[in-house]
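# Descriptive structure summary
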Amino acid sequence: MHRLTNRRILLGITGGIAAYKSAELTRQLKTAGADVRVVMTPAATEFITPLTLQALSGNPVHLQLLNPEAEAGMGHIELAKWADLVLVAPASADFIARLAAGMGDDLLTTLCLATDAPICLAPAMNQAMWRDPRTQQNLERLQKSIDIHLFGPGSGAQACGDTGPGRMLEPDEIARRCADQFETLALSGRYVVITAGPTREALDPVRYISNHSSGKMGYALAEAARDAGARVRLISGPVNLAVPDRVECVQVESAQQMLDASLAELGPCDLFISAAAVADYRPVAVAEHKIKKGAEEIMELRLTKNPDIVATVAASPKRPFTVGFAAETRDVVHYAQDKLKRKNLDLIVANDVSAAGIGFNSDENAVTLISSQGEQVLPQTQKQQLARQLINRIAEYFNEQAKTSGKDS
Ligand code: C5P
């Protein structure tokens, strides 16, 4: 089921008594990490209310093809492109017939015509309707013409009192078969938390101490981890970057806020990557009002040490696999090795911030990935490209450790 993390499932519900099971199906797909959008035919709304599906999917339910209001939100072509997989459960005999004929006479059939995603059908109907040669021919025709997957139907007692084939499969079985449509990726179903950007340490209501971190590396890592199948949460200091699609983001300012947000994820977090440039010190006190300019030529600030976020995470009893960064200007590998040990990290990514064109605020970076066993150089390249290489390497170490510690999923 972990293969459903971040997957976009368009769930079509057609008219049949099995539609009541689609509520549980929606819940199970959501629990497995999928983003679910529901489309209902008019007949489906006679069996179960759109409100139920809206509450369970967390998204508005799509009901009509020609509805200007809905089209202004997410138009039908956009919705067809959005889906990684279209699942119609229950799929009635009438719907299967219209799909086989290539009709586009309502929103769901139109979406099925417009989408490039695989279409999965979980048929549900009376046993005589299922056995009817016309239904069987429609299914044959469909299977010959498009990428279609049939989930069931099962056989047994039916709501109408008959016994035989035509029962919709149970929601957990349908959800499992949906998951089977996707490949397992290096971080499928893992929960990755990444700190990124600078922190701001307030001096007074209008001033702060900070640094030049752009957050680009942390954000690129978030995208790469998402693409490796993980659920990803960024804990981000103030940056000028858009939050990547399908990535959660908590915005923070100070190191203390970043620490609190990080500790709140311990437990569920599998992999913690500390890419933030956390301010080492903060002002001892934050003035309540703007500090006024005085007569003195020199002003002294008293600073106190900030908590070390990554070291605190690594010292926690619920310690996730923990990766730090070390931005250095000399003896890069030596200092990074020292930090790896001192902060009790699993891996550290060392980069030379004295070199022109890499590191802070630039689009490229070059790093050395260091573990207790050795080091590996990842040469200069675009941060996005480097992030993918880093996530692949980190995932290898992480999966190796998960295997030996028995936390393999
Ligand atoms: O000690 P130094 O700042 O060089 O260590 C860098 C690593 O420690 C980075 O991963 C950084 O995100 C993390 N760090 C932290 N909290 C701090 C200081 C650094 O998490 N207060």
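Now for a description of the structure that goes with this document. (Residues numbered from 1 in each chain as written. Predicted model: local features only at pLDDT ≥ 70, side-chain atom pairs only at ≥ 80, totals over all residues. Heavy atoms only, no water.)

### A closer look at the packing of aromatic side chains
As enumerated under the stated definition, the model contains one aromatic pair in all. Arranged with centres 5.8 Å apart and planes meeting at 90°, the rings of phenylalanine 321 and phenylalanine 398 form a pair that is edge-to-face. Here phenylalanine 321 is found in strand β16 (residues 321-328), whereas its partner phenylalanine 398 is found in helix α14 (residues 383-404), with 77 residues between them in sequence. Phenylalanine 398 gets classed as buried once you look at its relative accessible area, which sits at 6%. Above the plane of the ring of tryptophan 82 lies arginine 37, whose end atom (NZ or CZ) is 5.7 Å from the centre. Sitting over the face of the ring of tyrosine 191, arginine 231 holds its NZ or CZ atom 3.9 Å from the ring centroid. (Phe/Tyr/Trp six-rings, centres within 6.5 Å; stacked < 30°, edge-to-face > 60°. Helix = DSSP H or I, 4+ residues; strand = E, 2+ residues; numbered from the N terminus. Buried < 20%, exposed > 50% of the residue type's maximum accessible area, 1.4 Å probe, protein only. Lys NZ or Arg CZ within 6 Å of the ring centre and 35° of its normal.)

### Details of the layout of surface pockets
It is the rolling of a water-molecule-sized probe over the atoms that shows where space remains empty. In this structure, the largest pocket encloses a volume near 930 Å³. Contributions of two or more residues to the lining of the largest pocket are made by α10 (216-227), α12 (309-315), β16, α13 (332-342) and β17 (347-352). With five residues, the top contributor of residues to the lining of the largest pocket is β16. For the lining of the largest pocket, the residue count by class is 16 nonpolar, 13 polar and nine charged. There is about 390 Å³ of room inside the second largest pocket. (1 Å grid on protein atoms, 1.4 Å probe; cavity = no way out; pocket = protein on both sides within 12 Å on 5 of 7 lines; lining within 4 Å. Points joined across faces, edges and corners; volume = space filled by probe spheres on them. Nonpolar A, V, L, I, M, F, W, Y, C, P; charged D, E, K, R; others polar.)

### Considering empty space enclosed by the protein
Within the structure shown, the criterion is met by one cavity of 30 Å³ or more. Empty space within the largest cavity amounts to approximately 30 Å³. Residue composition of the lining of the largest cavity, by class: five nonpolar, three polar and one charged.

### Examining unusual backbone geometry
A cis amide bond links alanine 89 with the next residue in sequence, proline 90, at an omega value of 0°. Considering the arrangement of structural elements, one finds proline 90 in strand β3 (residues 85-91). The linkage connecting glycine 152 with the following residue, proline 153, adopts the cis geometry, with an omega of 5°. Inspection of the secondary structure assignment puts proline 153 in the loop between β5 (148-150) and β6 (154-157). Phi angles above zero are rare outside glycine, and arginine 246 is one such case at about 60°. Among the secondary structure elements, arginine 246 is positioned in the loop between β11 (231-236) and β12 (248-251). The partly exposed category is assigned to arginine 246, whose relative accessible area is 31%. Not every positive phi belongs to a glycine, and aspartate 331 is a case in point at roughly 45°. The topology assignment puts aspartate 331 in the loop between β16 and α13.

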